[in-house]
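Topology and contacts: notes
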Amino acid sequence: GAPQLLGAIAADDVTPFLKFLTKKKRDRPKVKASVEDSVITSNGFLAFSTSESNLGGSSTVDGANSLAESETSADIEDQNSKRAVWFSWGIASIGTLLGNIDHITPILTMFYLMMYGGINLCCFLLAWVDSPGFRPQFRFFSKKTALLGFVWCLVLSFLISWLMALLALLLLYAIFKYINISSQQQGPW
(Lines give C-alpha, C1' and ligand atoms only; values in the text may rest on other atoms or scores of the structure.)
Protein backbone atom coordinates (compact mmCIF):
# COMPACT_ATOMS: atom_id res chain seq x y z
CA GLY A 1 0.00 0.00 0.00
CA ALA A 2 0.93 3.62 0.51
CA PRO A 3 3.49 3.02 3.30
CA GLN A 4 5.44 0.59 1.11
CA LEU A 5 5.35 3.05 -1.78
CA LEU A 6 6.58 5.87 0.45
CA GLY A 7 9.30 3.59 1.84
CA ALA A 8 10.41 2.63 -1.68
CA ILE A 9 10.52 6.26 -2.79
CA ALA A 10 12.49 7.20 0.34
CA ALA A 11 14.91 4.28 -0.14
CA ASP A 12 15.64 5.40 -3.73
CA ASP A 13 16.96 8.67 -2.27
CA VAL A 14 15.30 10.70 -5.03
CA THR A 15 13.39 12.80 -2.52
CA PRO A 16 15.70 13.52 0.43
CA PHE A 17 12.91 15.07 2.52
CA LEU A 18 11.29 11.59 2.76
CA LYS A 19 14.48 9.93 4.03
CA PHE A 20 13.10 9.89 7.59
CA LEU A 21 10.56 7.25 6.46
CA THR A 22 13.18 4.52 6.02
CA LYS A 23 14.37 2.36 8.86
CA LYS A 24 17.94 2.63 9.95
CA LYS A 25 19.94 -0.44 9.09
CA ARG A 26 21.11 -1.60 12.51
CA ASP A 27 23.02 -4.71 13.42
CA ARG A 28 23.92 -5.49 9.83
CA PRO A 29 27.56 -6.31 9.26
CA LYS A 30 29.13 -4.46 6.40
CA VAL A 31 30.54 -6.84 3.85
CA LYS A 32 33.44 -5.66 1.76
CA ALA A 33 34.11 -7.64 -1.36
CA SER A 34 37.05 -7.21 -3.63
CA VAL A 35 37.48 -8.03 -7.28
CA GLU A 36 39.59 -11.07 -6.37
CA ASP A 37 36.64 -12.54 -4.46
CA SER A 38 34.26 -12.39 -7.43
CA VAL A 39 33.21 -15.24 -9.68
CA ILE A 40 30.84 -15.59 -12.62
CA THR A 41 27.93 -17.86 -11.68
CA SER A 42 26.33 -20.44 -13.94
CA ASN A 43 23.61 -18.02 -15.04
CA GLY A 44 26.15 -15.39 -16.05
CA PHE A 45 25.86 -12.99 -13.11
CA LEU A 46 28.84 -11.68 -11.22
CA ALA A 47 28.76 -12.88 -7.60
CA PHE A 48 30.90 -11.78 -4.66
CA SER A 49 31.96 -13.75 -1.64
CA THR A 50 34.02 -13.00 1.41
CA SER A 51 36.86 -14.96 2.88
CA GLU A 52 34.67 -15.92 5.87
CA SER A 53 32.21 -17.77 3.65
CA ASN A 54 35.06 -19.59 1.91
CA LEU A 55 36.60 -20.67 5.23
CA GLY A 56 33.37 -22.40 6.18
CA GLY A 57 33.58 -24.62 3.15
CA SER A 58 30.69 -23.02 1.29
CA SER A 59 31.06 -22.19 -2.34
CA THR A 60 31.38 -18.69 -3.66
CA VAL A 61 27.91 -18.78 -5.20
CA ASP A 62 26.33 -19.86 -1.86
CA GLY A 63 28.03 -16.94 -0.13
CA ALA A 64 26.71 -14.57 -2.77
CA ASN A 65 23.20 -16.00 -2.49
CA SER A 66 23.13 -15.55 1.28
CA LEU A 67 24.39 -11.97 0.80
CA ALA A 68 21.64 -11.34 -1.77
CA GLU A 69 19.00 -12.80 0.58
CA SER A 70 20.07 -10.53 3.42
CA GLU A 71 19.96 -7.51 1.11
CA THR A 72 16.47 -8.48 -0.03
CA SER A 73 15.19 -8.79 3.53
CA ALA A 74 16.82 -5.45 4.38
CA ASP A 75 15.05 -3.82 1.43
CA ILE A 76 11.72 -5.22 2.59
CA GLU A 77 12.45 -3.99 6.11
CA ASP A 78 13.12 -0.49 4.74
CA GLN A 79 9.83 -0.45 2.87
CA ASN A 80 7.79 -1.47 5.95
CA SER A 81 8.84 1.37 8.22
CA LYS A 82 6.47 2.24 11.07
CA ARG A 83 7.22 5.88 10.38
CA ALA A 84 5.89 5.48 6.83
CA VAL A 85 2.71 3.85 8.18
CA TRP A 86 2.12 6.70 10.65
CA PHE A 87 2.95 9.32 7.99
CA SER A 88 0.41 7.74 5.60
CA TRP A 89 -2.17 7.62 8.38
CA GLY A 90 -1.59 11.31 9.09
CA ILE A 91 -2.03 12.28 5.45
CA ALA A 92 -5.16 10.13 5.11
CA SER A 93 -6.77 11.47 8.27
CA ILE A 94 -6.27 15.18 7.50
CA GLY A 95 -9.47 15.30 5.46
CA THR A 96 -11.47 13.58 8.16
CA LEU A 97 -10.07 15.83 10.85
CA LEU A 98 -11.12 18.89 8.87
CA GLY A 99 -14.71 17.89 9.59
CA ASN A 100 -15.94 18.13 6.01
CA ILE A 101 -14.71 15.66 3.42
CA ASP A 102 -16.04 17.93 0.65
CA HIS A 103 -13.04 20.21 1.14
CA ILE A 104 -10.58 17.64 -0.16
CA THR A 105 -12.80 15.90 -2.73
CA PRO A 106 -11.81 18.17 -5.67
CA ILE A 107 -8.12 17.74 -4.89
CA LEU A 108 -8.38 13.95 -4.66
CA THR A 109 -10.48 13.83 -7.83
CA MET A 110 -7.85 15.80 -9.74
CA PHE A 111 -5.02 13.55 -8.62
CA TYR A 112 -6.94 10.41 -9.56
CA LEU A 113 -7.77 11.88 -12.95
CA MET A 114 -4.13 12.91 -13.44
CA MET A 115 -2.98 9.42 -12.44
CA TYR A 116 -5.35 7.67 -14.85
CA GLY A 117 -4.58 10.20 -17.55
CA GLY A 118 -0.85 9.57 -17.01
CA ILE A 119 -1.36 5.82 -17.29
CA ASN A 120 -3.30 6.29 -20.52
CA LEU A 121 -0.59 8.61 -21.87
CA CYS A 122 2.12 6.07 -21.01
CA CYS A 123 0.16 3.29 -22.72
CA PHE A 124 -0.32 5.46 -25.80
CA LEU A 125 3.38 6.36 -25.97
CA LEU A 126 4.48 2.74 -25.46
CA ALA A 127 2.15 1.61 -28.24
CA TRP A 128 3.23 4.50 -30.47
CA VAL A 129 6.96 3.65 -30.25
CA ASP A 130 6.20 -0.09 -30.62
CA SER A 131 7.97 -1.06 -27.41
CA PRO A 132 8.75 -4.80 -27.54
CA GLY A 133 8.03 -5.23 -23.82
CA PHE A 134 4.58 -3.64 -24.00
CA ARG A 135 1.98 -6.28 -24.83
CA PRO A 136 -1.47 -5.19 -23.58
CA GLN A 137 -3.92 -8.06 -23.02
CA PHE A 138 -7.10 -5.95 -23.08
CA ARG A 139 -8.82 -6.88 -26.34
CA PHE A 140 -10.25 -3.39 -26.94
CA PHE A 141 -6.87 -1.67 -26.50
CA SER A 142 -5.55 0.50 -29.28
CA LYS A 143 -3.48 3.64 -29.59
CA LYS A 144 -6.67 5.59 -30.19
CA THR A 145 -8.39 4.40 -27.00
CA ALA A 146 -5.31 5.16 -24.91
CA LEU A 147 -5.05 8.67 -26.37
CA LEU A 148 -8.81 9.16 -25.95
CA GLY A 149 -8.51 8.10 -22.29
CA PHE A 150 -5.74 10.63 -21.70
CA VAL A 151 -7.62 13.48 -23.39
CA TRP A 152 -10.86 12.51 -21.63
CA CYS A 153 -9.20 12.58 -18.18
CA LEU A 154 -7.61 15.95 -18.91
CA VAL A 155 -10.84 17.51 -20.24
CA LEU A 156 -12.90 16.04 -17.42
CA SER A 157 -10.53 17.43 -14.79
CA PHE A 158 -10.88 20.93 -16.26
CA LEU A 159 -14.67 20.59 -16.50
CA ILE A 160 -14.92 19.58 -12.82
CA SER A 161 -12.74 22.39 -11.50
CA TRP A 162 -10.40 24.30 -13.75
CA LEU A 163 -8.57 25.84 -10.79
CA MET A 164 -7.88 22.50 -9.06
CA ALA A 165 -6.89 20.93 -12.39
CA LEU A 166 -4.43 23.73 -13.04
CA LEU A 167 -3.00 23.43 -9.52
CA ALA A 168 -2.65 19.66 -9.90
CA LEU A 169 -0.84 20.06 -13.22
CA LEU A 170 1.50 22.67 -11.72
CA LEU A 171 2.24 20.38 -8.78
CA LEU A 172 2.94 17.43 -11.10
CA TYR A 173 5.26 19.60 -13.17
CA ALA A 174 7.08 20.80 -10.02
CA ILE A 175 7.55 17.19 -8.85
CA PHE A 176 8.84 16.22 -12.31
CA LYS A 177 11.33 19.09 -12.38
CA TYR A 178 12.50 18.35 -8.84
CA ILE A 179 13.19 14.70 -9.69
CA ASN A 180 14.84 15.71 -12.96
CA ILE A 181 17.16 18.22 -11.27
CA SER A 182 18.02 15.93 -8.35
CA SER A 183 18.81 13.01 -10.68
CA GLN A 184 21.14 15.23 -12.75
CA GLN A 185 23.03 16.24 -9.58
CA GLN A 186 23.51 12.60 -8.56
CA GLY A 187 24.83 11.60 -11.96
CA PRO A 188 23.98 8.54 -14.01
CA TRP A 189 23.08 5.49 -11.91
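Our subject is the structure listed above.
Values in this document were obtained by computation on a predicted structure and should not be read as measured data. (Residues numbered from 1 in each chain as written. Predicted model: local features only at pLDDT ≥ 70, side-chain atom pairs only at ≥ 80, totals over all residues. Heavy atoms only, no water.)

The next point concerns the nonpolar core. Counting residues in hydrophobic clusters, the biggest one holds five residues: Leu6, Ala10, Leu18, Leu21 and Ala84. Once residues lying within four places of it in the same chain are set aside, the contact partners of Leu6 are Leu18, Leu21, Ala84, Phe87 and Ser88. (Core = buried A, V, L, I, M, F, W, Y, C linked by side-chain atoms within 4.5 Å. Buried < 20%, exposed > 50% of the residue type's maximum accessible area, 1.4 Å probe, protein only. Contact = heavy atoms within 4.5 Å.)

Let us now look at unusual backbone geometry. One non-glycine residue, Asp130, lies in positive phi territory at about 55 degrees. Residue placement: Asp130 occurs in the loop between α5 (105–128) and α6 (143–160). By relative accessible area, which is 60% here, Asp130 ends up exposed. (Helix = DSSP H or I, 4+ residues; strand = E, 2+ residues; numbered from the N terminus.)

Here the focus is the packing of aromatic side chains. Considering all chains together, one arrives at five aromatic pairs under this definition. Judged by centre distance (5.8 Å) and plane angle (80 degrees), the ring pair of Trp86 and Trp89 falls under edge-to-face. With Trp86 and Trp89 both in helix α4 (residues 82–97) and three residues apart, this pair spans about one turn of that helix. Relative accessible area serves as the criterion here: at 60%, Trp86 is assigned to the exposed category. Seen in terms of ring centroids, Tyr112 and Tyr116 are 6.4 Å apart; in terms of plane orientation they differ by 25 degrees. Their pairing is stacked. Remark: Tyr116 and Tyr112 occur in helix α5; sequence separation between them is four residues, near one turn of the helix. (Phe/Tyr/Trp six-rings, centres within 6.5 Å; stacked < 30°, edge-to-face > 60°.)

What follows deals with α6. Owing to its 3.6 residues per turn, the α-helix brings residues three or four apart onto one side. With 18 residues, α6 should reach 26 Å at 1.5 Å per residue; the first-to-last C-alpha distance of 26 Å fits that figure. Three or more residues of α6 are buried, namely Ala146, Gly149, Cys153 and Ser157. Seen end-on, α6 carries its buried residues on one side only, within an arc spanning 55 degrees. Opposite the buried face of α6, by more than 90 degrees, sit the exposed residues Lys144, Leu148, Trp152 and Leu159. (Expected span 1.5 Å × (residues − 1). Arc of directions from axis to C-beta.)

The terminal C-alpha atoms of α4 lie 21 Å apart, and with 16 residues this matches the ideal 22 Å at 1.5 Å per residue to within 8%. Listing the buried residues of α4 in full gives Ala84, Ser88, Ser93 and Gly95. The inward-facing, buried residues of α4 contact α1 (2–11). Downstream of α4 by a residue or two, Gly99 has a phi angle that is positive, lying close to 95 degrees.

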